[in-house]
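Remarks on the overall topology
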Amino acid sequence: MTSGPTRPRLPSAMLSLGGVGLARGLRGVTQAWLRGSCGRSLALARVAGAPRTGDWRPSVGQGPRRRRLSLSAAAVVNSAPRPLQPYLRLMRLDKPIGTWLLYLPCTWSIGLAAEPGCFPDWYMLSLFGTGAVLMRGAGCTINDMWDRDYDKKVARTASRPIAAGDISTFQSFVFLGGQLTLALSILLCLNYYSIALGAASLLLVITYPLMKRITYWPQLVLGLTFNWGALLGWSAIKGSCDPSVCLPLYFSGIMWTLIYDTIYAHQDKRDDALIGIKSTALLFCDKTKQWLSGFSVAMLGALSLVGVNSGQTAPYYTALAAVGAHLAHQIYSLDIHRPEDCWDKFASNRTIGLMVFLGIVLGNLWKEKKTDETKKNIDSKIEN
């Protein structure tokens with residue numbers, strides 16, 4: 001008995017070959033990954049359509065994925081409720097470097113006013129820190145209200161909340177009132193002399209944003225504004241200002257602001273020139289490094305005078321030497337034609353401010369040691 005014709009098995013053979021090929025492909029990918037072949041693994045992943053590293057996006061229909069925990073200021077702002085985010089960005093809470101630069105001169109003054117051998121007043125440091133956040137936020141709000149039409153024309157600032165239309169002018173007024181009210185409550189915790197001194201700075205805070213329309217030296221006015229804490233910190237501790245210490249400290253802060261904000265202004269110099277905004281970056285042009293060097297010498301000279309008038313010790317002058325080296329490297333390596341490098345150099349000035357503060361604290365603690373040694377020497381001479 002003859003059997004019927006055998007049915008062709010080509011489709012099943014093709015499926016078998018396809019399955020073998022798929023298994024080999026998967027095994028090859030696994031082995032490449034296990035061997036640490038990062039480049040080939042990423043290439044295979046990209047061919048397969050996987051997102052690149054750092055471009056995590058939630059996928060539809062898949063289980064929840066863990067996001068990397070980040071404590072950066074920008075990440076904190078982005079994780080806030082969405083209606084709150086424009087107000088936090090208006091305060092520049094996502095870019096805290098400006099708050100640091102406003103706060104650090106306050107810490108210098110508070111540290112210098114401490115008693116010999118003592119740490120700075122931690123309550124005052126925290127009070128001024130809170131005030132710096134609020135006043136920097138208020139200053140940025142005022143600045144963005146004045147500059148809303150200009151900000152729309154500059155690539156770096158077009159996304160600011162008022163310029164982008166995320167916050168209306170009326171809303172920004174209300175928000176500004178809230179910030180100034182909270183800042184006033186901080187100021188009222190100080191003595192009467194400091195309350196009057198702090199209130200006097202409000203005129204500078206309001207008018208500074210207009211200076212870029214009038215003069216090529218808006219950075220100088222910013223220096224007068226941002227370093228008011230060098231006067232206020234001392235008076236908050238001592239009850240009034242000592243001109244021999246406070247004035248050279250204030251001057252050194254102004255010189256410091258001229259350094260870092262001139263560098264900052266080089267980021268936008270092309271747009272500023274087109275829309276008629278003035279700055280020291282446009283004034284100095286290719287002679288920027290010479291001007292910055294002069295400001296650095298003036299800053300270090302004033303800080304040295306502060307040290308002499310306040311009886312500072314070796315750690316303080318060691319810190320000044322480190323600050324001088326940092327400034328020299330910052331200016332020498334600065335590329336004024338690269339906005340990214342200008343931002344990096346600008347942001348590195350927080351380190352300079354912290355160096356000065358650390359030198360003041362250690363120098364003040366060193367005073368007690370010197371005093372004790374002097375007393376011992378006097379006692380031993382009397383006994384002999």
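Each helix and strand counted, the chain has 19 helices and zero strands in total. Evaluated residue by residue, the chain yields a buried proportion of 43% over its 384 residues. In the chain, 73% of the contacts between residues at least 6 apart in sequence involve partners at least 24 apart. Total accessible area on the chain stands at roughly 21,600 Å², and carbon and sulfur atoms take up 64% of it.

The next subject is the packing of aromatic side chains. Under the criterion given, the structure shown has 15 aromatic pairs. Relative to tryptophan 256, the ring of tryptophan 108 lies with its centre 5.2 Å away and its plane at 35 degrees, an arrangement referred to as tilted. On the criterion of sequence distance, the pair formed by tryptophan 108 in helix H5 (residues 97-113) and tryptophan 256 in helix H13 (residues 243-265) is long-range, its members being 148 residues apart. An angle of 85 degrees between the planes, with centres 5.2 Å apart, marks the rings of tryptophan 256 and tyrosine 260 as edge-to-face. With a gap of four residues between them, tryptophan 256 and tyrosine 260 both fall in helix H13, about one helical turn apart. Overall, the relative accessible area of 1% leaves tyrosine 260 in the buried class. Through successive ring pairs, a cluster of aromatic residues spans Trp108, Trp256, Tyr260, Tyr264, Trp343 and Phe346.

Where H13 contacts helix H18 (residues 339-347), the two axes come as close as 8 Å, and the packing angle between them is 160 degrees. Relative to H18, the element H13 is oriented roughly antiparallel. As for how H13 packs across H18, the hand of that crossing is left-handed. Judged by residue contacts, Tyr260, Ile263 and Tyr264 of H13 engage Cys342, Trp343, Lys345 and Phe346 from H18. Across the contact of H13 with H18, the residue classes tally to six nonpolar, no polar and one charged.

Further remarks concern a nonpolar patch on the surface. On the surface, a nonpolar cluster with roughly 260 Å² of combined accessible area is contributed by Trp146, Leu202 and Ile206. Note on placement: isoleucine 206 falls in helix H10 (residues 202-214). With relative accessibility at 37%, the residue isoleucine 206 sits in the partly exposed group.

Before going further, it helps to examine the confidence of the model for the chain. With 78% of its residues at a pLDDT of at least 70, the chain reaches an overall mean of 83. Below pLDDT 50 for its whole length, residues 1-67 participates in 11 contacts with residues either more than four positions away or in separate chains.

This part covers helix H6 (residues 122-146). The end-to-end C-alpha distance of H6, which contains 25 residues, comes to 36 Å, matching closely the 36 Å that a straight helix rising 1.5 Å per residue would cover. The N-terminus of H6 is capped by aspartate 121, whose side-chain oxygen sits 2.9 Å from the backbone nitrogen of tyrosine 123.

Moving on, we come to the state of the cysteines. Scanning the model with the defined rule gives zero disulfides in all. Here cysteine 246 is not cross-linked by a disulfide; its sulfur's nearest cysteine counterpart is in cysteine 241, at 4.2 Å.

Moving on, we come to H13. Here H13 spans 31 Å end to end across 23 residues, near enough to the 33 Å set by a 1.5 Å rise per residue. The element H13 is extensively covered by neighbouring structure, given that 19 of its 23 residues are classed as buried.

Further remarks concern the environment of valine 361. Examined against the element boundaries, valine 361 turns out to sit in helix H19 (residues 349-383). On the accessibility criterion, valine 361 (9% relative accessible area) is buried. Taking the C-alpha atoms as reference, valine 361 lies 9.8 Å from glutamine 312; in sequence the two are 49 residues apart. Excluding its chain neighbours within four sequence positions, the residues that come into contact with valine 361 are Phe119 and Pro120.

In this section: the pattern of salt bridges. One pass over the structure, following the stated rule, counts 10 salt bridges. One salt bridge in this structure joins aspartate 166 and arginine 89, with 3.5 Å as the shortest N-O distance. Note that aspartate 166 is positioned in the loop between helix H7 (148-151) and helix H8 (169-187) and arginine 89 in helix H4 (residues 85-90), a separation of 77 residues in sequence. Residue class for aspartate 166 comes out partly exposed when judged on its relative accessible area of 41%. Since its relative accessible area comes to 24%, arginine 89 is described here as partly exposed. Among the charged side chains, a network of salt bridges with common partners joins Arg92, Asp144, Asp151 and Arg160.

Turning our eyes to something else, we now look at the side chain of threonine 280. One can find threonine 280 in helix H15 (residues 280-284). Reaching out from threonine 280, the side chain makes a polar contact with the side chain of threonine 262 at a distance of 2.7 Å.

About the cut-offs
Residues numbered from 1 in each chain as written. Predicted model: local features only at pLDDT ≥ 70, side-chain atom pairs only at ≥ 80, totals over all residues. Heavy atoms only, no water. Helix = DSSP H or I, 4+ residues; strand = E, 2+ residues; numbered from the N terminus. Buried < 20%, exposed > 50% of the residue type's maximum accessible area, 1.4 Å probe, protein only. Contact = heavy atoms within 4.5 Å. Areas by Shrake-Rupley, 256 points an atom, 1.4 Å probe, with all protein chains shown as cover. Phe/Tyr/Trp six-rings, centres within 6.5 Å; stacked < 30°, edge-to-face > 60°. Axes fitted to C-alpha atoms, helices over the stretch in contact; angles between N-to-C directions. Parallel < 35°, antiparallel > 145°, perpendicular 65-115°, else oblique. Left-handed = near helix turned anticlockwise from the far one by under 90°. Nonpolar A, V, L, I, M, F, W, Y, C, P; charged D, E, K, R; others polar. Patch = residues over 30% accessible without salt bridge, like charges linked within 9 Å, V, L, I, M, F, W, Y side chains within 5 Å. Salt bridge = Lys/Arg side-chain N within 4 Å of Asp/Glu carboxyl O. pLDDT = per-residue confidence, 0-100. Expected span 1.5 Å × (residues − 1). Polar contact = N/O pair within 3.5 Å; in protein donor to acceptor, adjacent residues only side chain to side chain. Disulfide = S-S within 2.5 Å.

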